[in-house]
Amino acid sequence: MKRTPLLFLLCLTLLSLALFHLEPSKAKNELSNNQQDRTSQRINSSKSTAVNLDQSETEKTLPATLPNPPQDQKSDVTVVASYHNDTSIPLRKMKPHPLVSKTEHEANENPKIPNKHQNSSDPVVQDRLDVVPNTAIPNMPSPVLNFDGIPFPGVACNCAPPDTNGEVGATQYVQIANEGFQVFNKSTGASVLGPVGINTLWSGFGGPCETSGGGDPVVLYDQLANRWLISQFAGVGGVMTDECVAVSTTSDATGSYNRYAFHLGSNFFDYPKLAVWPDAYYMAMNVFTASNPTYLGPQPFALDRAKMLAGLPATFITTGITGGASEAPYLPADLDGLQLPPAGSPATFVQWPATGNYRVFHFHVDFANPLASTFTLFASPAAAGFTVRSSLIPQLGSASGLDPLGDRLMFRAATRFFPDGHESLVSNFTVEAGGVAAVRWFELRNPTIGPITVFQQGTYQPDTTHRWMGSAAMDQQGNLAVGYSASSSAINPQIRYAGRLAGDPLNTLPQAEVTLFAGTGSQVGTSGRWGDYSDMTIDP
């Protein structure tokens, strides 16, 4: 089946969602033959502004001076310098990397995360569209613009899952997927650049970022600086040990970039999710052993945003794996809007509620005095009960099901500060309700300054169709939209969205539902891999 991706700007809440879908893929993971040993590699570039250092020279572990760290605070702080950085020529002047034909394959194995959640009844299910009077008629607006994105088989990957996401900037929209990206004019939908392989952005940089990029890409628009951030992980021999991050030098996504390569360690660092905050670019990783991947726990990172915006050699600070294998994954809060948090505020990380609580961590980072950096548990507000969706999601005319990926929060944890002083953080995850997969969305109030409350939460299951792999965002008026995939034994997979106005009754998405795109076929031969995340973003 071929499913055309559609990108749109949603007029009511000014939200933008990128979703990309693939034809069937039949083969398992295959590795590129042109991978190199990073540890023995020396990088030479006429544009380099950093010194290439051995790992022993770039990584320093600083023991904390606190004799008895608070609960959930890591006792070690590690500071790691980028092992290479430079400023590129404009992307629009780069020659696209030659396409290498690849057999259809799984982009990256998705190691399993132990699930210790105790299922319980769900008290916040919205199981019909007429749950709120006078809102039975769909009121969500149709897209004001949609256009074709990157089609199957992608640019260079020919793989599943596509790991779709996108971001809207001042004048452009950037879609990114395994393993390519494309720049569009956001007003017309016309292609400005691409699609090209992500590795093209790393032309002339050398090392794994240029030759061994592995996908799991993320694109963000830093609204505070009007810059783009593009990232993907990389590694030799199929073990993803590095993170490649490029920050544009202007608001033009086709211009030049400050490029950075960070070596994270010798484990397998999976599922990188990045976020913008005033003092750093924050990142969360799920960490596994390098061979026979076994979950070790999640790990937070803070990348020196100020240095990266300036194109200077940069470092990251991490407190290491937190909590061990019993710790559920978390996401960093990604700032929307121009209303800033109070000066010096720590970054928030929100954990999937495996324990029945939204465990909220604060990462206070200090690049001038790394020993002062801390990662601590701030609060644990209770989540409404839910049941984890673990079984595959059915499709029309196929015995092959799709992975619900119900063991983590879905990208993003989008947060916004309002003029009246309150902060709202919204995100979502997949649960099971009424025998089908459903989107559990939630809004946390004041996760940065406290006191934290679960202002509202709901499970959207208005009928017997499965809904999963959502993404949520809130605009400056407090209106909320959630986009997601939908499927059942009676329909092919689709893309839909629903929402609520700021004044609607709490815990509901009463503005009903709109089908953005109804798929024309079902996906088979991908070991259930449909997508690992998507992204709904706010037009700045």
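On a predicted model such as this, the values are computed, not experimentally measured, just so you know.

1. Description of the overall build of the protein chain
Item 1. Helix and strand counts for the protein chain come out as 3 helices and 37 strands.
Item 2. Taken across its 540 residues, the protein chain has 62% of its residues classed as buried.
Item 3. When contacts within the protein chain are restricted to residue pairs at least 6 apart in sequence, those whose partners lie at least 24 apart make up 65%.
Item 4. In the form shown here, the protein chain has an accessible surface area of approximately 18,500 Å², with 52% of it arising from carbon and sulfur atoms.

2. Considerations on the nonpolar core
Item 1. If you look at the biggest cluster of nonpolar residues, it comprises 33 residues, and the most contacted ones within it are Val245, Phe262, Leu264, Tyr281, Phe301, Leu303 and Met308.
Item 2. When residues no more than four places from it in sequence are discounted, the contact partners of phenylalanine 262 are Ala81, Ser82, Tyr83, Thr241, Asp242, Glu243, Val245, Leu303, Met308, Ala314, Thr315 and Phe316.
Item 3. One finds Phe181, Val183, Ile230 and Ala253 within the second-largest nonpolar core, a separate group that totals 24 residues.

3. Remarks on the packing of aromatic side chains
Given two aromatic rings, their pairing is described by the distance between the two centres and the angle made by the two planes.
Item 1. Summed over the entire model, instances satisfying the criterion amount to 27 aromatic pairs.
Item 2. A centroid spacing of 5.0 Å and a plane angle of 65° characterise the contact between phenylalanine 386 and phenylalanine 429, whose relative ring orientation is edge-to-face. Pair noted here: phenylalanine 386 is in the loop between strand E25 (374-379) and strand E26 (387-388) and phenylalanine 429 is in strand E30 (residues 423-433), with a separation of 43 residues, a long-range link.
Item 3. Note on phenylalanine 386: relative accessible area 1%, which makes it buried.
Item 4. Grouping aromatic residues by their ring pairs yields a cluster made of Tyr282, Tyr330, Phe349, Phe361, Phe363 and Phe375.

4. Regarding the sheet that holds strand E10 (residues 165-168)
Item 1. As summarised here, the arrangement of the 4 strands in space is E10-E11-E12-E13, forming an open sheet in which the pairing is antiparallel. Of all the strands in the sheet, just E10 and strand E13 (191-197) have a single pairing partner and so form its edges. Taking the axes of each pair of neighbouring strands and ignoring which way they run, one obtains an average angle of 10° across the sheet.
Item 2. Pairing of E10 with strand E11 (residues 172-177) involves 4 bridges; the strand directions are antiparallel. In the strand pairing of E11, asparagine 165 is matched with isoleucine 176.

5. Topic: the side chain of glutamine 457
Item 1. Position of glutamine 457 relative to the elements: it lies in strand E32 (residues 453-460).
Item 2. Residue classification places glutamine 457 among the buried residues on the basis of a relative accessible area of 10%.
Item 3. At 3.1 Å, the side chain of glutamine 457 forms a polar contact with the backbone nitrogen of alanine 384.
Item 4. With sequence-adjacent residues up to four places away left out, glutamine 457 is seen in contact with Val124, Tyr358, Ala382, Ala383, Ala384, Arg440, Trp441, Phe442 and Asn507.

6. Some points on the sheet that holds strand E34 (residues 480-488)
Item 1. Across the sheet, 4 strands lie side by side as E33-E34-E35-E36; this open sheet has antiparallel pairing. A strand with exactly one partner marks an edge of an open sheet, and here the two such strands are strand E33 (466-474) and strand E36 (513-518). Going across the sheet, the axis of each strand differs from the next one's by a mean of 20°, ignoring polarity.
Item 2. Here E33 runs beside E34; their pairing, made up of 7 bridges, is antiparallel.

7. Focus: the state of the cysteines
Item 1. Tallying each qualifying case throughout the model produces 1 disulfide.
Item 2. Two residues, cysteine 209 and cysteine 244, share a disulfide whose sulfurs are 2.1 Å apart. Here the S-S torsion is close to -95°, and the disulfide linking cysteine 209 with cysteine 244 is therefore left-handed. Separated by 35 residues along the polypeptide, cysteine 209 in helix H2 (residues 207-211) and cysteine 244 in strand E16 (residues 242-248) bring together distant segments of the chain.

8. Describing the pattern of salt bridges
Item 1. In this structure the tally under the stated criterion is 16 salt bridges.
Item 2. A salt bridge links glutamate 443 to arginine 445; the nearest nitrogen and oxygen atoms lie 2.8 Å apart. The burial state of glutamate 443 is the same as that of arginine 445; both residues are buried.
Item 3. Among the ionic pairs, glutamate 513 bridges to arginine 496, the shortest N-O distance being 3.1 Å. Taken together, the residues glutamate 513 in strand E36 and arginine 496 in strand E35 (residues 491-500) connect sequence positions 17 residues apart.

9. Regarding the environment of glycine 324
Item 1. Note that glycine 324 resides in the loop between strand E21 (315-318) and strand E22 (330-336).
Item 2. Taking C-alpha positions, glycine 324 is 9.3 Å from glutamine 299, a pair spaced 25 residues apart along the chain.
Item 3. The contacts of glycine 324, once residues within four sequence positions are left out, are Leu296, Gly297 and Pro298.

10. Brief notes about the side chain of glutamate 513
Item 1. Given a relative accessible area of 17%, glutamate 513 falls into the buried group.
Item 2. One polar contact links glutamate 513 to arginine 467, side chain to side chain, over a distance of 2.7 Å.
Item 3. At 3.1 Å, the side chain of glutamate 513 and the side chain of arginine 496 are in polar contact.

11. So, the confidence of the model for the protein chain
Item 1. Put simply, the protein chain has an average pLDDT of 85, and 81% of its residues get 70 or more.
Item 2. Contacts for the low-pLDDT stretch residues 1-57, under 50 throughout, to residues beyond four places or in other chains number 206 contacts.
Item 3. Across residues 63-71, where pLDDT falls below 50, the model places 10 contacts with residues more than four positions away in sequence or in other chains.

12. Focus: the environment of glycine 323
Item 1. Looking at where glycine 323 falls in the secondary structure, it is placed in the loop between E21 and E22.
Item 2. Considered as a pair, glycine 323 and glutamine 299 are 24 residues apart in the sequence and their alpha carbons are 9.1 Å apart.

13. Details of the pairing of strand E29 (residues 410-417)
Item 1. Within E29, 8 of the 8 residues are buried, which leaves the element mostly enclosed by the surrounding structure.
Item 2. Relative to E29, E22 runs parallel, the two being bridged by 4 bridges. Along E29, the bridge assignment pairs alanine 333 with alanine 413.
Item 3. When E29 meets E30, the two strands line up antiparallel, connected through 5 bridges. Bridge assignment links phenylalanine 417 to a residue of E30, and that residue is glutamate 423.
Item 4. Where E29 folds back on E30, the antiparallel hairpin that results is connected by 5 residues, among which glycine 421 adopts a positive phi of roughly 105°.

Scoring rules and cut-offs
Residues numbered from 1 in each chain as written. Predicted model: local features only at pLDDT ≥ 70, side-chain atom pairs only at ≥ 80, totals over all residues. Heavy atoms only, no water. Helix = DSSP H or I, 4+ residues; strand = E, 2+ residues; numbered from the N terminus. Buried < 20%, exposed > 50% of the residue type's maximum accessible area, 1.4 Å probe, protein only. Contact = heavy atoms within 4.5 Å. Areas by Shrake-Rupley, 256 points an atom, 1.4 Å probe, with all protein chains shown as cover. Core = buried A, V, L, I, M, F, W, Y, C linked by side-chain atoms within 4.5 Å. Phe/Tyr/Trp six-rings, centres within 6.5 Å; stacked < 30°, edge-to-face > 60°. Pairing = 2+ DSSP bridges. Axes fitted to C-alpha atoms, helices over the stretch in contact; angles between N-to-C directions. Polar contact = N/O pair within 3.5 Å; in protein donor to acceptor, adjacent residues only side chain to side chain. Disulfide = S-S within 2.5 Å. Salt bridge = Lys/Arg side-chain N within 4 Å of Asp/Glu carboxyl O. pLDDT = per-residue confidence, 0-100.

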